Amino acid sequence: YIDCVSVCYGAKKPRSECFPFFKDSIEFMELWGSIMANPKIKKIAHNASFENMWEKWCGAGAFPQGWFWDTQIAAHIIHNQKPVGLKFCTYVNFGVMGYDDAMDAYLVPNAQETAKYGANAINRIHEAPIAEKLKYCALDSLFTYMLYQVQEPIIRKPWNRNAFALFMEGFQAFGDIMDNGMNFDEDLANKQLS
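The rules behind each value
- Residues numbered from 1 in each chain as written.
- Predicted model: local features only at pLDDT ≥ 70, side-chain atom pairs only at ≥ 80, totals over all residues.
- Heavy atoms only, no water.
- Patch = residues over 30% accessible without salt bridge, like charges linked within 9 Å, V, L, I, M, F, W, Y side chains within 5 Å.
- Areas by Shrake-Rupley, 256 points an atom, 1.4 Å probe, with all protein chains shown as cover.
- Salt bridge = Lys/Arg side-chain N within 4 Å of Asp/Glu carboxyl O.
- Helix = DSSP H or I, 4+ residues; strand = E, 2+ residues; numbered from the N terminus.
- Buried < 20%, exposed > 50% of the residue type's maximum accessible area, 1.4 Å probe, protein only.
- Contact = heavy atoms within 4.5 Å.
- Phe/Tyr/Trp six-rings, centres within 6.5 Å; stacked < 30°, edge-to-face > 60°.

What to know about a nonpolar patch on the surface
In step 1: A cluster of nonpolar side chains, namely Phe 88, Tyr 91, Val 92 and Met 97, defines an oily patch on the protein surface of about 420 Å² accessible area.
In step 2: Position of Tyr 91 relative to the elements: it lies in helix H4 (residues 86-94).

Set out below in structure tokens:
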């Protein structure tokens, strides 16, 4: 499930806000769903493909509209031979490291979950102290937005712009495929193989 969410806004002086995800509140979920469904509200994420699926399956129940930027995709395009994790990009671009240290222990599943669910085991973020968790989440949004501001002039160049547009469209198409599956005629495939 989603434990907390954060948003960042303000082009000249970015500000980030974080709050618990009140899944049991009808009022909160209606408001959150209207934000996610509004294509005029531009959405930026680091690994938007993950956020897209998580929002559909555990959030408001639909894919967000208005995807505008994925800082992970942009990082791949800018330099495809370097790590593209948000923590690495934050350190390389802003000299900040360790802002996630207090959360490290909670971002991995416990041994029982791992034994039971393997790679699908869920982390323990819900066990983290609320103040540190919200600070970490807010900083993730802030650094993602700041990273977008660094990347945008580079991606705007003609040789990067088309690749970025293709990947942004592609992750959403793959989201539809993951959510709906693909028809596969097993009998026809077996016939073709024999």
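Things to note about the side chain of Asn 160
In step 1: Along the chain, the position of Asn 160 falls in helix H7 (residues 158-180).
In step 2: Overall, Asn 160 belongs to the buried group, its relative accessible area being 10%.

What to know about unusual backbone geometry
In step 1: Of note in the backbone geometry, Asn 47 takes a positive phi value of approximately 75° without being a glycine.
In step 2: Relative to the helices and strands, Asn 47 is located in the loop between strand S3 (43-45) and helix H2 (48-58).

Describing the environment of His 126
In step 1: Take His 126: it is sitting in the loop between helix H5 (111-117) and helix H6 (130-155).
In step 2: We classify His 126 as partly exposed; its relative accessible area is 40%.
In step 3: Separated by 26 residues in the primary sequence, His 126 and Glu 152 have C-alpha atoms spaced 34 Å apart.
In step 4: Ignoring anything within four residues of it in the chain, the contact list for His 126 reads Tyr 1, Asp 3 and Lys 133.

What to know about the packing of aromatic side chains
In step 1: If you walk through the whole model with that rule in mind, you get 16 aromatic pairs.
In step 2: Aromatic pair Phe 50 and Trp 54: ring centres 5.5 Å apart, planes at 15°, arrangement stacked. One end of the pair is Phe 50 and the other is Trp 54, both in helix H2 and 4 residues apart, which spans about a single turn.
In step 3: On the basis of relative accessibility, which here comes to 43%, the residue Phe 50 falls in the partly exposed class.
In step 4: Here the aromatic rings of Trp 69 and Tyr 148 are separated by 5.0 Å at their centres, their planes lie at 70°, and the arrangement is edge-to-face. Within this pair, whereas Trp 69 is found in strand S4 (residues 67-70), its partner Tyr 148 is found in helix H6, the two being separated by 79 residues in sequence.
In step 5: The class of Trp 69 is buried, set by a relative accessible area of 5%.

What about the pattern of salt bridges?
In step 1: In this structure the tally under the stated criterion is 6 salt bridges.
In step 2: Arg 15 serves as the salt-bridge partner of Glu 17, at 2.5 Å between the closest nitrogen and oxygen.
In step 3: Judged by relative accessible area, which is 27%, Glu 17 ranks as partly exposed.
In step 4: Arg 124 is the salt-bridge partner of Glu 127, the closest N and O atoms lying 2.8 Å from each other.
In step 5: We classify Glu 127 as partly exposed; its relative accessible area is 42%.
In step 6: What makes Arg 124 buried here is its relative accessible area of 18%.

On their own, these measurements won't tell you what the molecule is for.
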